Every structure is written in structure tokens, then in C-alpha cells.
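# Remarks on the overall topology
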Protein chains: 2
Amino acid sequence: MAARALTGATGRPDPVTVTAHYLSPGRPGGVRIVTQIIKEGKRFATGTATMFAGTRPLLAVLGTLGDLSQAEGPELIEGAPPELPSPEQCVRVQPAGTFPPPFMGQVDLRLHPDDAAFATGRQSGQPLMRGWFRLPGAEPVDTLALLCAVDAFPPTVFNARLPIAWTPTVELTAHIRARPAPGWLRCRFATRFVSSGFLEEDGEVWDSTGRLVGQSRQLALVPRG
Amino acid sequence: MAARALTGATGRPDPVTVTAHYLSPGRPGGVRIVTQIIKEGKRFATGTATMFAGTRPLLAVLGTLGDLSQAEGPELIEGAPPELPSPEQCVRVQPAGTFPPPFMGQVDLRLHPDDAAFATGRQSGQPLMRGWFRLPGAEPVDTLALLCAVDAFPPTVFNARLPIAWTPTVELTAHIRARPAPGWLRCRFATRFVSSGFLEEDGEVWDSTGRLVGQSRQLALVPRG
């Protein structure tokens, strides 16, 4: 929503790089978003968006937006989309009270069975979450909806030897490389470093043609049992 | 400088996660920094800092700051500091006109010989930059100076089969995990994805005790020859 407000304020259709700092947990209800444009350039525009519930700030966003319709250039790809069983063979994440959260009703997310077993008490031991993402009814995923994809998956550390508990995000940055082709997105999230009470979670999103369309990294607090 | 302004504005000593969007190239001379606090919480404070040269915005920063003096928690480390020859056996980067830039006189940076040969026309073929970092005269590196470390190295893609030319940073995010111990820092920067005219550069900074003290990721534009 905050990134969408920035596309409106700047007239640029695509979030190229967006950083959100998570200030307070959201609750159902209306929000107010205040945008401020810092620079409007030829290729990009940069601005902030702050989301409030009443006077309480929920989210602070800094974003640079542009137009990715003509994105092209040399290619160097060290990596590949994750191998996944078909969406039908994966585990659909459905909302159920507070966990999984109600937001899961807004997306169609299917976890790799190996990474979903934490829900039945069998953590894989690898801080990894892989799965498919699309919008309900196969509604097309634009570059704004990609921002939902990188924040929709359960925390990677649910598969580490750590408590399965609230893992508050401090900050999330997404880089959008391209507009996704129609179809399911393949997503992969992994954590390499848990230390000093923090962990990072790195994400990759690949479209149905095998193209990398987005990268993400978030900083989160280690859950406490 | 912008992060330092935020530590002053918030009274919190350590940048925990800082994102900078690079709006215009800086030139020698004075700058003005405008800070705005968005939230002051118990553990963290969040705010923006915008740097101007006259009325021209140079840099927009969003940061969350805290106090890392007591940072602790469970550890999971999948990675290790880069193997490097001694600083004396590495290649010191010295300022020379516009490239390397004058900023290099403010830091003591020693590149792994394998990664430094681009300067003599021999690109390694691996988009990788490894080396040592410290401040001149071995001045202690605090968490603010760590932010210089993650932005001081030559672009990784100088070692890829791409033109060695200006590689403008669009955005850089640093996560600071801990206050570094005294001594040289080991740094490693790598790129996995060059596509659609963009590339990411992921960095790790390790202190003299072998502890990960910082991570970074930047989005940059592919250089044009």
C-alpha cells in the first residue's frame, strides 16, 4: 500500500528499490499514508511514504521508482529458480486465526513439503522456505504485488533449531528487476547468519519464464520462545 | 555523515539498519543534512536524513538505530571471513585524480591481489572484491565507520566481463550486527545477478576476532562503456 502510494505520487509505475522499516504491528482498520517526493529525475523518482493508524506510525518507506517496461542489458546469472514439486503437490498456507495470519487469505502460497513440515513439529533444520506464489484467482502479479510475495512467506528460522514464535521484521528491502510474466512465481528464502539477536532473510523471486524478477533482504529479530 | 546525524538526532549510538538512496553525485564542499525522527521506541529509533548541496538533494537515508553494546543471542553462521594474504601482501588502493576517488585517502583499503588486477587490465572474470579495511593510523572503527567500509570498495563488476566504468549506486542497505573489535576488518563483496540494466552487490564485513559485524547489499546500474 505504501509503495502503491509512491507510484501514485511520482507517476512512475514500478518500484525499483523499496525499503520498509516496521515500526508497530498493524491491526485491522483504516490507515493513512503520507508521501513526500525527494527527487524527480529523468529515469527515477525517489520519495518516502509513512503509514499511520491514527497518529501511530506503522511503517516508514523509502523508495526509488521507475519504469521497467524497457528494462534490458547484459546478463550474468549465478543461480536458478528453486526446484519445487507442482503447486498441487505443495502445501497451501491458509489463514487460521492469528497464525497463519489473515493476510494469507489475500495470496495463494504453496510451500515445498520439505519446508512446510515445521507446522507439524518437524523443523527441517535448514533455515529455508521455498514455494510458489500467485494472487487468488490467478490475478496478474504486477511489480507492486511482487512486494507482497517477498513478505508473505513464513520465517525461514521456523526451520532452524529456534523457537517457532513471532519473528518481528525490523527492515525489508526489495529490488524489483523486471515485470513478471503471467503464471506462478517460484520463491526461495534463506538465512545464513543468526547472531547478536538478529537474522537476515534473503529472498529471490523467479517468474514462469525462469527470469529473476525480484530480490529481497530483511533484518528480523530472533524469536524468543 | 547522514547516519551520524541520525545518531545525534536520536541519541542512539549504533546504526542497526541504514538504507541510502543516491540521488546526485557529490562534489567537494559543504552539505546540509535534514533529519526527521519518525519513531522513538524503547529498543530502537527510526528516522530519515536527507543530505543537500545547496537545494540539490544528494542522498536520502532511512535508518533504525539502537545500542549494540549488549547484543547477544543464539548463533548460526553459514559462512566465514574471506581468506586473504596479509595486508602487506595486498594491493593498497590510493587516490589518483578522479579514479580511484579522493575518498580513498580517508580509508586504508587493501585488495586481494587476485581481485585487484583489473586495474592493470586483467579482470579476474569473477565479480568479486575481497580485501582488508581500516581507518588511517589504525583509528578505531566504530559502527558508523563500518558504513564507510561497505561503500569503499571498487565495484565487483570491474572483475566481470563488463566495461570498467562508472557503476552508479541506486541504493545501499547496511545491517550492522555488532561493534567491531580493534584491528583490520576482512571484507568480501560479490555479485550474482546482472540483469535488466541492474546488478546487486552483497557485502560481508568480519572483525579481527572472526565475527560477522556487518552485511550490505546495494543495487547499482550496469556500467556503460
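As the structure is a computational prediction, the values presented were derived from the model and not from experiment. (Residues numbered from 1 in each chain as written. Chains lettered and ligands numbered in written order. Predicted model: local features only at pLDDT ≥ 70, side-chain atom pairs only at ≥ 80, totals over all residues. Heavy atoms only, no water.)

## Side note on the interface of chain A and chain B
Opposite the 60 residues of chain A that make contact, chain B presents 60 residues. The three residues of chain A that bury the most area against chain B are R177(A), F193(A) and R217(A), which together make up 14% of that side's buried surface. Taken together, the links from chain A to chain B amount to 6 salt bridges. E200(A) serves as the salt-bridge partner of R177(B), at 3.1 Å between the closest nitrogen and oxygen. Counting the contacts that link chain A with chain B gives 28 residue pairs in polar contact (both at pLDDT 80 or more). If one sorts the elements of the side of chain A that touches chain B by residue count, strand β13 (residues 212-221) of chain A sits on top with 7 residues. Bridge count for strand β5 (residues 76-77) of chain A against strand β11 (residues 193-195) of chain B is 2 bridges, and the pairing is antiparallel. Within β11(B), the position partnered with L76(A) by the bridge is V194(B). (Contact = heavy atoms within 4.5 Å. Buried area = accessible area lost by both parts, 1.4 Å probe. Salt bridge = Lys/Arg side-chain N within 4 Å of Asp/Glu carboxyl O. Polar contact = N/O pair within 3.5 Å; in protein donor to acceptor, adjacent residues only side chain to side chain. Helix = DSSP H or I, 4+ residues; strand = E, 2+ residues; numbered from the N terminus. Pairing = 2+ DSSP bridges.)

## Focus on the relation of the copies chain A and chain B
For these two chains of identical sequence, chain A goes onto chain B by a turn of 180° and a shift of 0.0 Å along the axis, with RMSD 0.0 Å. Look at the turn and shift together and you get a two-fold axis relating the two. Distance from the rotation axis, computed per C-alpha, reaches its smallest value in chain A at L62(A): 3.3 Å. Both copies present the same face, since 100% of the interface residues in chain A are matched by interface residues at the equivalent positions in chain B. (Least-squares fit on C-alpha atoms with pLDDT ≥ 70 in both.)

## Some remarks on unusual backbone geometry
Residues and elements named next belong to chain B. The phi dihedral of A138 falls on the positive side, at around 60°, and the residue is not glycine. Assignment of secondary structure puts A138 in the loop between β8 (128-134) and α3 (143-149). A residue is classified by how much of its surface remains accessible, and A138, at 48% relative accessible area, is partly exposed. (Buried < 20%, exposed > 50% of the residue type's maximum accessible area, 1.4 Å probe, protein only.)

## Overview of empty space enclosed by the protein
Counted under the stated rule, the structure contains 1 cavity of 30 Å³ or more. Here the largest cavity is characterised by a volume of approximately 50 Å³. For the largest cavity, the full set of lining residues is E171(A), T173(A), H175(A), R217(A), T173(B), H175(B) and R217(B). Looking at the lining of the largest cavity, the elements that each hand over two or more residues are β9 (169-176) of chain A together with β9 (169-176) of chain B. Considering every element that reaches the lining of the largest cavity, the biggest residue donor is β9(A), with 3 residues. Here the lining of the largest cavity is built from residues that sort into no nonpolar, 4 polar and 3 charged. (1 Å grid on protein atoms, 1.4 Å probe; cavity = no way out; pocket = protein on both sides within 12 Å on 5 of 7 lines; lining within 4 Å. Points joined across faces, edges and corners; volume = space filled by probe spheres on them. Nonpolar A, V, L, I, M, F, W, Y, C, P; charged D, E, K, R; others polar.)

## Quick look at the side chain of R12(B)
All names here are of chain B. Looking at the element boundaries, R12 is found in the loop between α1 (2-10) and β1 (14-22). Although R12 is buried, it makes no salt bridge; E40 carries the closest opposite charge, 4.3 Å away. Once you skip the residues sitting within four places of it in the chain, R12 turns out to touch T7, E40, G41, K42, R43, F44, A45, L65 and G66. (Lys, Arg positive; Asp, Glu negative; His and termini not counted.)

## Quick notes on the packing of aromatic side chains
Per the stated rule, a full pass over the model turns up 10 aromatic pairs over all chains. On the basis of an interplanar angle of 45° and a centroid distance of 6.3 Å, the ring pair of F198(A) and F44(B) is categorised as tilted. Placement of the pair is F198(A) in strand β12 (residues 198-206) and F44(B) in the loop between β2 (32-40) and β3 (45-53), with the two residues belonging to separate chains. In terms of burial, F198(A) and F44(B) fall into one category: buried. Each ring, one from W206(A) and one from F193(B), has its centre 5.8 Å from the other, and the planes form 75°; the classification is edge-to-face. Here W206(A) is found in strand β12, whereas its partner F193(B) is found in strand β11 on a different chain. (Phe/Tyr/Trp six-rings, centres within 6.5 Å; stacked < 30°, edge-to-face > 60°.)

## Re the environment of T98(B)
Tracing the sequence through the fold places T98(B) in the loop between β6 (91-92) and β7 (108-111). Once the C-alpha coordinates of T98(B) and W184(B) are considered, the two residues, 86 residues apart in sequence, prove to be 26 Å apart.

## A closer look at the pairing of strand β7 (residues 108-111) of chain A
Residues and elements named next belong to chain A. Of the two faces of β7, the one carrying D108 and R110 and the one carrying L109 and L111 are both buried. Where strand β6 (residues 91-92) lies against β7, 2 bridges are found, and the strand directions are antiparallel. By the bridge assignment, V91 is partnered in β7 with L111. Strand direction decides the pairing type here: β7 and strand β8 (residues 128-134), joined by 4 bridges, are antiparallel. Note on β8: the bridge partner recorded for L109 is F133.

## Observations concerning helix α1 (residues 2-10) of chain A
Along an α-helix, residues three or four apart share an orientation, since each turn contains 3.6 residues. Residues and elements named next belong to chain A. Turning to α1, its buried residues are A2, A3, L6, T7 and T10. Seen along its axis, α1 keeps its buried residues to an arc of 150°; they face one direction. Projecting away from the buried face of α1 at angles above 90 degrees are the exposed residues R4 and G8. Contacts from the buried residues of α1 go to β2 (32-40), β3 (45-53), β4 (56-66) and α3 (143-149). In the stretch just after α1, G11 is the one whose phi turns positive, near 70°. (Arc of directions from axis to C-beta.)

## Topic: the confidence of the model for chain A
Mean pLDDT for chain A: 95, with 100% of residues reaching 70 or above. In the model output, the complex is listed with pTM 0.97 alongside ipTM 0.96. (pLDDT = per-residue confidence, 0-100.)

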